[in-house]
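Secondary and tertiary structure notes
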Amino acid sequence: MISTGLWKYFTKEHHKEFVLSLGLLNDAGWPIEKQLRCLYTVSNHIERHYTRLTVPKRDGAIRELLSPDPLLKKIQRNILHNVLDELPVSPHATAYRRGAGILRNASPHQGRKQVVKLDIRDFYGSITYLMVYRAFPRIYYPPSVATLLTHLCCYQDCLPQGAPTSPAISNLVMKPFDDHMGKWCKERSITYTRYCDDMTFSGDFDAGPLIRKVRSFLLSMGFELNEKKTQILCSGKRQSVTGIVVNEKPQVSRTYRDKLRQEFYYCQKHGVASHLLWLNDRQYLPPEPEQIERYLRSLMGRINYVLQVDPLNLYFTEARATISNMIRDAEYG
């Protein structure tokens, strides 16, 4: 492991070799100078390589995403796999890492007396250029390389929601918070997990001091609690963590399962085409073979989601087999 003080002895040639060793354009087949020129041209004009997109949220609000063009997306994916995947994140972070997911986030909170859910306001927009720069440790990356990587991962001095690198960087930025809060909570027999901007705490404790602690720590980092989304759920209420009910055993909500059962029932009783006409969802109309197959794959995805949380559910196991046959018939029929 190299000492950070040795970076001052790096020459321009060392710098070039280091950047190229990251494989940011490793399959371009270009000469060295052309690869370097491309990387710095993109980093110096990053705004030209994004397109703004809007997608509706479940609550009816609009989420704005920044989609990188193919060249920048390729560079960012190489940063993700060749750089970010190698950097350690906190075990309390349960999103955007190998083996993570909503079930891993929810399961630790099963059967607890109290669940407290907190949310960070404008999470990605609050992650600044300097925070991203610090996410590339000096012990591994010389300042000039860290600066290039930061330029390639930021947009207007913030972390863009929609870039392949942003989720992994957010975990690195939050590592000090996760590690500190994890230790603080362990000393008080509180379970803590974080899924992106959703923080969940469970156990038998006074919620007031915890919320004040989280609020203060986040403010010191440059974040702000979204007070409107704070929830304190006692065992007598439905305790839902990232969409999974955890009162007794991890389970997708009854409302979600009932709606899914209803859709599956109507597909069997009336046929998929008739069901789609009744739904009147424009994305599946007219109900021709291509639209029918897309709808069935959507239905299969939602069934797989239920089985991911509850793999022994016999009803949805059988439903998955039936939908699989319907998809095969749609492909070849």
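Right above here is the structure, for reference.
Thresholds applied
- Residues numbered from 1 in each chain as written.
- Predicted model: local features only at pLDDT ≥ 70, side-chain atom pairs only at ≥ 80, totals over all residues.
- Heavy atoms only, no water.
- Helix = DSSP H or I, 4+ residues; strand = E, 2+ residues; numbered from the N terminus.
- Buried < 20%, exposed > 50% of the residue type's maximum accessible area, 1.4 Å probe, protein only.
- Areas by Shrake-Rupley, 256 points an atom, 1.4 Å probe, with all protein chains shown as cover.
- Lys, Arg positive; Asp, Glu negative; His and termini not counted.
- Charge placed at Lys NZ, Arg CZ, Asp CG, Glu CD.
- Axes fitted to C-alpha atoms, helices over the stretch in contact; angles between N-to-C directions.
- Parallel < 35°, antiparallel > 145°, perpendicular 65-115°, else oblique.
- Left-handed = near helix turned anticlockwise from the far one by under 90°.
- Contact = heavy atoms within 4.5 Å.
- Salt bridge = Lys/Arg side-chain N within 4 Å of Asp/Glu carboxyl O.
- Core = buried A, V, L, I, M, F, W, Y, C linked by side-chain atoms within 4.5 Å.
- Pairing = 2+ DSSP bridges.
- Expected span 1.5 Å × (residues − 1).
- Bend = angle between axes of the 7 residues up to and from the residue.
- Phe/Tyr/Trp six-rings, centres within 6.5 Å; stacked < 30°, edge-to-face > 60°.
- Lys NZ or Arg CZ within 6 Å of the ring centre and 35° of its normal.
- Disulfide = S-S within 2.5 Å.

Moving on to the overall build of the protein chain. A count of helical and extended segments in the protein chain gives twelve helices and nine strands. Here the C-alpha coordinates of the protein chain stretch approximately 75 × 55 × 35 Å along the principal axes. Burial statistics for the protein chain: of 333 residues in total, 44% are counted as buried. Approximately 18,000 Å² of the protein chain is accessible, and the part contributed by carbon and sulfur atoms is 52%. Here the protein chain contributes 46 positive and 33 negative side-chain charges, whose respective centroids are spaced 4 Å apart.

A separate point is the packing of helix α9 (residues 254-270) against helix α11 (residues 289-309). Relative to each other, α9 and α11 sit at 140 degrees, their axes nearing to 11 Å. Taken together, the axes of α9 and α11 are oblique relative to one another. In the crossing of α9 with α11, the sense of the turn from one axis to the other is left-handed. Of the residues in α11, those touching α9 at Tyr 256, Arg 257, Lys 259, Leu 260, Glu 263 and Cys 267 are Tyr 295, Leu 299, Arg 302, Ile 303, Tyr 305 and Val 306.

Moving on: the pattern of salt bridges. Applying the stated criterion to the full structure yields 15 salt bridges. A salt bridge links Arg 121 to Glu 224, with the nearest nitrogen and oxygen atoms 3.6 Å apart. Separated by 103 residues along the polypeptide, Arg 121 in the loop between β3 (114-119) and α5 (129-135) and Glu 224 in the loop between α8 (207-221) and β6 (231-234) bring together distant segments of the chain. Judged by its relative accessible area of 42%, Glu 224 falls in the partly exposed class. With a closest N to O distance of 3.1 Å, Glu 293 and Arg 297 form a salt bridge.

The next subject is the nonpolar core. The biggest cluster of nonpolar side chains holds 66 residues, and the ones touching the most others in it are Phe 136, Tyr 141, Phe 177, Met 199, Phe 201, Val 214 and Phe 223. Among the elements that take part in this core, helix α7 (residues 166-186) stands out by supplying nine residues, more than any other. Those residues in contact with Phe 223 that lie beyond four places of it in its chain are Ile 120, Phe 123, Ser 126, Ile 127, Met 131, Val 173, Met 174 and Leu 218. Counting residues in hydrophobic clusters, the runner-up holds 30 residues, among them Ala 106, Leu 233, Val 272 and Tyr 305.

You can see Val 132 is positioned in helix α5. The spacing of Val 132 and His 92 is 40 residues in sequence and 20 Å in space, taken between C-alpha atoms. Beyond its immediate chain neighbours, meaning those up to four positions away, Val 132 contacts Ile 127, Thr 150, Cys 153, Cys 154, Leu 159 and Ile 169.

What follows covers the sheet that holds strand β4 (residues 191-195). The four strands lie next to each other as β4-β5-β3-β6, forming an open sheet whose pairing is antiparallel. Among the strands making up the open sheet, the edge pair consists of β4 and β6. Ignoring strand direction, the axes of neighbouring strands in this sheet form an average angle of 15 degrees. Direction of pairing for β3 relative to strand β5 (residues 198-203): antiparallel, over a ladder of six bridges. Of the residues in β5, the one forming a bridge with Val 116 is Phe 201. Sheet contacts for α7: β4 and β5; angle to β4, the most-contacted strand, approximately 170 degrees.

Secondary-structure assignment places Glu 248 in the loop between β8 (244-245) and β9 (251-252). Classification of Glu 248 as exposed rests on a relative accessible area of 69%. As a C-alpha pair, Glu 248 and Leu 225 span 23 residues in sequence and 29 Å in three-dimensional space.

A few words now on α7. Residues that lie three or four places apart on an α-helix share one face, since the helix turns once every 3.6 residues. With 21 residues, α7 ought to run about 30 Å at 1.5 Å a step, and its terminal C-alpha atoms sit 29 Å apart, in line with that. Of all the bends found along α7, the most pronounced is centred on Met 174 and spans about 50 degrees, while Pro 176, a proline, follows it within four residues. Counting buried positions along α7 gives 15 out of 21 residues, so the element sits mostly inside the fold.

The description of two aromatic rings rests on the distance between their centres and on the angle between their planes. Within this structure, the stated rule accounts for 16 aromatic pairs. A centroid spacing of 5.4 Å and a plane angle of 75 degrees characterise the contact between Tyr 256 and Tyr 305, whose relative ring orientation is edge-to-face. Pair noted here: Tyr 256 is in helix α9 and Tyr 305 is in helix α11, with a separation of 49 residues, a long-range link. Since its relative accessible area comes to 19%, Tyr 305 is described here as buried. Of the aromatic side chains, those joined through ring pairs into one cluster are Phe 18, Phe 136, Tyr 140 and Tyr 141. Positioned over the ring face of Tyr 133 is Arg 138, at 4.3 Å from the centre of the ring.

Inspection of every chain in the model, using the stated rule, returns zero disulfides. In this model Cys 158 remains outside any disulfide bridge; the closest cysteine sulfur is found in Cys 154, 7.6 Å from its own. Judged by relative accessible area, Cys 158 falls into the partly exposed class, the value being 25%.

This part takes up the sheet that holds β8. Judged by pairing direction, the sheet is antiparallel, and its three strands sit side by side in the order β7-β8-β9 without closing on themselves. The two strands at the open ends of the sheet, each matched to only one other strand, are β7 (240-241) and β9. Here two bridges tie β8 to β9, and the two strands are oriented antiparallel to one another. Note that in β9 the partner of Ile 244 across the bridge is Val 252.

Nothing here speaks to function; it is geometry throughout.
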